[in-house]
Amino acid sequence: MCLGIVGKVIKVTAADDTAIIDVHGTRREISIALLGQVKVGDYVLVHAGFAIEKIDLKEAEQMVKMWEEQLNDVTPGQVL
Amino acid sequence: MSPLDRFCDTELSRKLMGRVAALADAVAERLGRPAVFIEVCGTHTVAISRLGLRSLLAGRVELRSGPGCPVCVTDHQEIDMMVNLARLPGVTVGTFGDMLRVPGSRSSLERERAGGADVRIFYSPLDAVAFAEANPGREVVFLGIGFETTAPAVAASLARARAKGVKNFSIFSAHKLIPPAIRAVLSDPELKLDGLILPGHVSAITGRRAFDFIVEEYGLPSVISGFEPMDILIALHELLLQLLQGEARVVNKYTRVVREEGNLDARKRIAECFEEVDVPWRGLGVIPESGLSLRETFRDFDARFKLNIEPAPPTPLYPPGCACKEILRGKLLPPECRLFGDVCTPVRPVGPCMVSSEGACAAYYRFERFSPVGGGI
Ligand code: SF4
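These remarks concern the structure in this document. (Residues numbered from 1 in each chain as written. Chains lettered and ligands numbered in written order. Predicted model: local features only at pLDDT ≥ 70, side-chain atom pairs only at ≥ 80, totals over all residues. Heavy atoms only, no water.)

## Some details on the sheet that holds strand E7 (residues 175–176) of chain B
Residues and elements named next belong to chain B. Worth spelling out the cut-off: One requirement defines pairing of two strands: DSSP has to find at least two bridges between them. In this text, helices come from DSSP runs of H or I with a minimum length of four residues, and strands from runs of E with a minimum of two, each type numbered from the N-terminal end. Contacts: residue pairs with any heavy atoms within 4.5 Å of one another. Note on definitions: angles span 0 to 180 degrees between N-to-C directions of axes, and those axes are lines fitted to C-alpha atoms, for helices only across the stretch in contact.
In space, the 3 strands of this open sheet follow the order E7-E12-E11, with antiparallel pairing throughout. Two strands bound the open sheet, and with one partner strand each, they are E7 and strand E11 (274–281). With 7 bridges joining them, E11 and strand E12 (residues 285–294) adopt antiparallel strand pairing. Across the sheet, the residue bridging to glutamate 276 is leucine 292, located in E12. Lying over the sheet, helix H9 (residues 151–164) contacts E7, E11 and E12, oriented at roughly 130° with respect to E11. Packed on one face of the sheet, helix H14 (residues 264–273) meets E11 and E12 and runs near 80° to E11.

Next comes the structure, spelled out in structure tokens:
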């Protein structure tokens, strides 16, 4: 029950607070009653059939880029 | 490649692993022993096990597992009550799958189902509401299990049932809250910890701030982490860095999901439906304000009242020899239980930590059975 899944929103039905998401090619209907606004193209984190948070791709990009830069930097003596 | 996939990049993880190992050595030198961290969430337990991090960091960092598997910490008494519910005529018990096999004092939901009880698995509590609507002749009781991640889903489903006038639906709430459990674990003077990896998805609901007490009351570095390999290494890196610099902060490293205040809508749903009560946890005993029971305004949906479910008598705590209690408190690692892998396996589990796939014993059995125990120190 604790397994969260991540999916991309491909359709929103605002009338009954549901959305269809794509999870690695499979479609699932979820409830978006716990989120404010959800748009097609958003990535959401789903627990027990409910989207509990949107995933901020910009944040993800920034963080992973920062690490890529740090780890691919071969300046000697850079240990931390 | 989506930025999300890059959190699984093997090459990048390998490089970061090198940094983490070097940092860990520096910290171990300073402390005169390896740093000891605990992960609170069952999904982290599984992720760390799968990555083999414990043996990769053997002798450098010790990684323990905490009470964050909802199935493992559901008390015998509560399971006995669920079993009693399933035995009532005309009642369908709906549950998340993991709960089925957990043994109570005499039976499990799976045993009851085999004996003819109507026990059904629903992925979402909304499906249970729909089932109730389609079967007005049955009372459908959904078992509210899990932490902050499932409680708002159950609350929203209850609101739906009420709005639609579904009268044959009710909830048996056994929901639990993570921050009070962390407090209970940290209050144990015998457990010497240097830092915590905090649950990413629970934090998505509660927000980062809900964990500030860890620094204020216990002065321990803590980090909210995601579940991909890079996430976990970033978390370890952060904890080690804080230790080396003599700092203690609650840092959010799962910023793509977790916000300072969490999900306010979800928190509001929880607060509307539930109130905090003292409840027993398997292995940890009664923890103040650590459980969620339905508010009086939801009595008509509260299975405990609607079906008059009496509290089951307290039962002897553990199967003899089972060390789940120490494991859930981060005191022992599964291979240190003498039943592990021999008498107790996922096919024939003795204790709850072997039943749920998120339980520490099950995760170790699957991924680390042949690794050195306790970080190999
Ligand atoms: S290995 Fe089995 S008996 Fe031992 S602590 Fe884990 S669940 Fe209990």
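Having put the structure on the table, let's press on.
## So, the pattern of salt bridges
Residues and elements named next belong to chain B. Heads up, the rule is: When a carboxyl oxygen of Asp or Glu is within 4 Å of a side-chain nitrogen of Lys or Arg, the pair counts as a salt bridge. Relative accessibility thresholds used throughout: buried, under 20% of the residue-type maximum; exposed, over 50%; partly exposed, between the two (1.4 Å probe, protein chains only).
A complete count under the given rule lists 29 salt bridges over all chains for this structure. Across the salt bridge formed by lysine 176 and glutamate 78, the nearest N and O atoms sit 3.1 Å from each other. Separated by 98 residues along the polypeptide, lysine 176 in strand E7 and glutamate 78 in helix H6 (residues 76–86) bring together distant segments of the chain. For glutamate 78, a relative accessible area of 8% gives the class buried. Glutamate 217 is the salt-bridge partner of arginine 183, the closest N and O atoms lying 2.8 Å from each other.

## Side note on the interface of chain B and chain A
For the record, the criterion: Buried area counts how much accessible surface, traced with a 1.4 Å probe, disappears from two parts once they are put together, with both parts' losses summed. Polar contacts, as used here, are pairs of N or O atoms within 3.5 Å; protein pairs need one atom able to donate a hydrogen and one able to accept it. Residues neighboring in sequence count only if both atoms are side-chain atoms.
Tallying the contact residues gives 47 residues for chain B and 41 residues for chain A. On the chain B side of the contact with chain A, Arg6, Arg19 and Tyr123 of chain B bury the most area, a combined 18% of that side's loss. We note a salt bridge from glutamate 53 of chain A to arginine 259 of chain B, for which the minimum N-O separation is 2.8 Å. Put simply, chain B and chain A have 11 residue pairs in polar contact (both at pLDDT 80 or more) between them. Elements represented by at least two residues in the side of chain B that touches chain A include exactly helix H1 (3–6), helix H2 (10–31), helix H5 (70–73), helix H8 (125–134), H9, helix H11 (200–206), helix H13 (229–244) and H14 of chain B.

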